[in-house]
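Coordinate inspection notes
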Amino acid sequence: MKNLALFDLDHTLLPIDSDYEWGEFLVRIGAVDETAFRRRNDEFFAQYQAGVLDPVEYLEFALGTLARFPRAELDGLYARYMAEVIEPAIKPKALALVRQHQEAGDLVAIITATNYHITAPIAARFGVEHHIGAVPEYDAAGNLTGRLLGTPTSGPGKITHMHAWLERLGARFEEFESCHFYSDSHNDLPLLSIVSHPVATNPSAKLAAHAQSQGWPTIHLFND
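About the criteria used
Residues numbered from 1 in each chain as written. Predicted model: local features only at pLDDT ≥ 70, side-chain atom pairs only at ≥ 80, totals over all residues. Heavy atoms only, no water. 1 Å grid on protein atoms, 1.4 Å probe; cavity = no way out; pocket = protein on both sides within 12 Å on 5 of 7 lines; lining within 4 Å. Points joined across faces, edges and corners; volume = space filled by probe spheres on them. Helix = DSSP H or I, 4+ residues; strand = E, 2+ residues; numbered from the N terminus. Nonpolar A, V, L, I, M, F, W, Y, C, P; charged D, E, K, R; others polar. Phe/Tyr/Trp six-rings, centres within 6.5 Å; stacked < 30°, edge-to-face > 60°. Buried < 20%, exposed > 50% of the residue type's maximum accessible area, 1.4 Å probe, protein only. Pairing = 2+ DSSP bridges. Right-handed = clockwise from strand over helix to strand, strands pointing away.

Let's talk about empty space enclosed by the protein
Applying the stated criterion across every chain yields a total of one cavity of 30 Å³ or more. What the largest cavity holds in volume is close to 40 Å³. Around the largest cavity, the lining residues are D19, W22, G23, F37, N41, Y58, F61, A62 and T65. Of all the secondary structure elements, the ones that give two or more residues to the lining of the largest cavity are α1 (18–28), α2 (34–50) and α3 (55–67). Here the lining of the largest cavity takes four residues from α3, the largest share from any one element. Residues of the lining of the largest cavity, tallied by class, amount to five nonpolar, three polar and one charged.

Details of the packing of aromatic side chains
Applying the stated criterion to the full structure yields 11 aromatic pairs. Plain terms: the ring middles of F7 and Y182 are 4.8 Å apart, the flat faces sit at 5 degrees to each other, and that makes the pair stacked. Note that F7 is positioned in strand β1 (residues 4–7) and Y182 in strand β5 (residues 179–183), a separation of 175 residues in sequence. The exposure class of F7 is buried, given its relative accessible area of 0%.

Description of the pairing of strand β2 (residues 107–115)
Of all nine residues in β2, eight are buried; the element is thus mostly enclosed. Pairing of β1 with β2, which is carried by four bridges, proceeds in the parallel orientation. Opposite L4, over in β2, you have L107 as the bridge partner. Sheet analysis places β2 next to strand β3 (residues 130–138), joined by four bridges and oriented parallel. Looking at β3, one finds that N115 is bridged to A134. Crossover β2 to β3 through helix α6 (residues 116–125) is right-handed.

A few points about the layout of surface pockets
When its volume is computed, the largest pocket comes out at roughly 440 Å³. Looking at the largest pocket, it is lined by 25 residues, and the ones nearest its centre are Y48, L53, Y58, A113 and S154. Elements supplying a minimum of two residues to the lining of the largest pocket: α1, α2, α3 and β2. Here the lining of the largest pocket gets five residues from one element, more than from any other, and that element is α2. Computed from the structure, the second largest pocket encloses a volume of approximately 170 Å³. Contributing to the lining of the second largest pocket are Y116, H130, H131, I132, G133, V135, P136, H161, A164, W165 and R168. No other element matches β3, which puts six residues into the lining of the second largest pocket. A breakdown of the residues in the lining of the second largest pocket according to their chemical character gives six nonpolar, four polar and one charged.

Below, the structure is given as structure tokens:
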């Protein structure tokens, strides 16, 4: 069985939080009420950084924002967001790290707590076929309803969704000779703690301290 390489997305492969920046983008272009939206967006971001975020509450806030727009309008806004916000944030070192594992023949996946609608185009931009994110509900016309399907892809939920993804591929986690997981966040300690090669990547202070205590390697992709 080939090796496995898993990547968190926000602040790991990207130097920004793609979901938070989507909200800031909507504020900037006047698509949402600036005062009310920014207050809630900032509150949730602070909770995430402190490790006390309720993932379902946040995801349904984020998905509710997406659901405000008919699908055609949303797709147009998101194409602009990719061009104006995501593309300038993509760094050569992050692309090279992903490519290194792909060229080694590893099975590569991005696994993120952010919802799939926001992150799928970003995973595609990194050339990653397999992408695990929180699953939004769509109606029959393809519009988002604002609701979350299943469990969040955060904390221990990343392990649950990883096993389900591998099962769909006809594989089992235990069959891989090695597994790298790159993350910036202490929120990912459940998955970091079960892989053979945890890598603290642009780590938060909490994760950096834990990685040092465990002898895990630390890398920085955005220093230059």
